[in-house]
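Now for the letters of each chain:
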Amino acid sequence: MDIDPTLLRAFVAVSETGGFTRAARRLNLTQPAVSHQIRRLEEQVGRALIRRTTRRLTLTDDGEDFLLHARQILASLDALAQRFRTSPVTGVVRFGAPEAFMGERLPALLCQFSRAFPAVRLDVHVSTYLDLSTMIAAEELDLAVVLSTAGAENGGIPLRRAEFGWVAADNFLLPEGASLPLAFHPPNCVNRLVGVAALDATPIDWHIAFTSPSEQGLRAAVRSGLAVAVLMRSDLEPGLRLLDGHYGLPALPSADFMLIRSGGVASPAARAFGEMLVAMEAPTMPADTGL
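The present account deals with the structure reproduced in this document. (Residues numbered from 1 in each chain as written. Predicted model: local features only at pLDDT ≥ 70, side-chain atom pairs only at ≥ 80, totals over all residues. Heavy atoms only, no water.)

## Topic: the nonpolar core
Core analysis: the biggest nonpolar cluster contains 49 residues, and Phe95, Leu147, Phe164, Trp166, Phe257 and Leu259 have the highest contact counts within it. The element best represented in this core is helix 10 (residues 268-281), accounting for seven residues. With sequence-adjacent residues up to four places away left out, phenylalanine 95 is seen in contact with Leu106, Asp123, Val124, His125, Leu141, Leu143, Ala144, Val145, Leu259, Phe273 and Leu277. Among the nonpolar cores identified, the runner-up in size contains 22 residues, and Leu7, Phe11, Phe20 and Ala23 belong to it. (Core = buried A, V, L, I, M, F, W, Y, C linked by side-chain atoms within 4.5 Å. Buried < 20%, exposed > 50% of the residue type's maximum accessible area, 1.4 Å probe, protein only. Helix = DSSP H or I, 4+ residues; strand = E, 2+ residues; numbered from the N terminus. Contact = heavy atoms within 4.5 Å.)

## So, unusual backbone geometry
The residue asparagine 28 is not glycine, and still its phi comes out positive at about 65 degrees. Looking at the element boundaries, asparagine 28 is found in the loop between helix 2 (20-27) and helix 3 (31-45). Judged by relative accessible area, asparagine 28 falls into the exposed class, the value being 71%.

## A few points about helix 1 (residues 5-17)
In a regular helix each residue adds 1.5 Å, so 13 residues correspond to 18 Å; helix 1 covers 18 Å between its end C-alpha atoms and thus fits that length. Those residues of helix 1 hidden inside the fold are in contact with helix 2, helix 3, strand 1 (50-52), strand 2 (57-59) and helix 4 (61-83). Between the side-chain oxygen of the N-cap and the backbone nitrogen of threonine 6 there are 2.9 Å, and the N-cap of helix 1 in question is aspartate 4. Glycine 18 sits one or two positions beyond helix 1 and adopts a positive phi of about 80 degrees. (Expected span 1.5 Å × (residues − 1). Polar contact = N/O pair within 3.5 Å; in protein donor to acceptor, adjacent residues only side chain to side chain.)

## Section: helix 9 (residues 215-223)
Within the span of helix 9, buried status applies to Glu215, Gly217, Leu218, Arg219, Ala221 and Val222. Against helix 5 (99-102), strand 6 (157-169), strand 7 (180-184), strand 8 (206-211), strand 9 (228-232) and strand 10 (240-242) lie the buried residues of helix 9. Capping of helix 9 at its N-terminal end is provided by serine 214; its side-chain oxygen lies 3.1 Å from the backbone amide nitrogen of glutamine 216.

## Structural notes on the packing of helix 6 (residues 105-116) against helix 10
Helices that pack against each other are described as a pair by the angle of their axes relative to one another and the distance between those axes. In contact at an axis separation of 11 Å, helix 6 and helix 10 are set at 140 degrees when each is read in the N-to-C sense. With respect to helix 10, the axis of helix 6 lies oblique. At the point where helix 6 passes helix 10, the crossing takes the right-handed sense. Facing helix 6, whose interface residues are Arg105, Leu109, Leu110, Gln112, Phe113 and Ala116, helix 10 presents Ala269, Ala272, Phe273, Met276, Leu277, Met280 and Glu281. (Axes fitted to C-alpha atoms, helices over the stretch in contact; angles between N-to-C directions. Parallel < 35°, antiparallel > 145°, perpendicular 65-115°, else oblique. Left-handed = near helix turned anticlockwise from the far one by under 90°.)

## Here's the deal with the pattern of salt bridges
With the rule as written, the count across this model stands at 11 salt bridges. A salt bridge links glutamate 16 to arginine 26; its shortest N-O distance comes to 2.6 Å. You can see glutamate 16 sitting in helix 1 and its partner arginine 26 sitting in helix 2, a full 10 residues away along the chain. With its nearest N and O atoms 3.3 Å apart, the salt bridge here joins aspartate 62 to arginine 47. Placement of the pair is aspartate 62 in helix 4 and arginine 47 in the loop between helix 3 and strand 1, with a sequence separation of 15 residues. Judged by relative accessible area, which is 34%, aspartate 62 ranks as partly exposed. Overlapping salt bridges, with partners in common, bring together Glu16, Arg26 and Arg71 in one network. (Salt bridge = Lys/Arg side-chain N within 4 Å of Asp/Glu carboxyl O.)

Listed below in structure tokens is the structure:
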């Protein structure tokens, strides 16, 4: 049985509005046209779907069952049309993000955006916060996610809060009187700035034992027991523990992942990507993201 979706839409409209006239207004058709579509549908199905009286319309038992299937079919057709809808948005989006922000959601966002805007090419850079800020200032990127303390990135859109902690291996033990070994990113990284600023306000003897621009590099140093690092509490893995309060380590401030953009006029493609990212990270934010 090959049923025209137009007939299914007419049937659903009649069922939901309770009459041919109201259904016709919904569908932008005349009442006789809707009546004709329903007759054609019943002829194709070979069953009476609507029970007509002088006062009201009701669905037959077959009509109730048919309505359920008709809605499912139309929902699937609408989803299919949306999935393969041609987008007028074209161009390139140059986007940067730090390794710590990637997680599981960002790859899903990249896939979702590519499907929604197939004519847009993504150019994604994974780098340090400092490098990303520099690339934004040089307009080498359209959008970037950076980590900022106390809203330092003016004009940025907050995405989510990052809580820092002193992290070490489960078996880490600092001998009494020994200098505290630390693993840090290169200078000017937010994690390093936060950690050093907190340590400078204490009498703790410390030294840098490991430096890496890579988040995975820091984790490897920590897991080996070589050093302690400033990492995000949300990224704590098996085999690692928080040292907050141990060895006199001070509390650390929080920071925010911020979405920033270059000073130029945002392209439609960049705006669409930024709005999708904000919706993914902060679904309760207003639609006007300032991008």
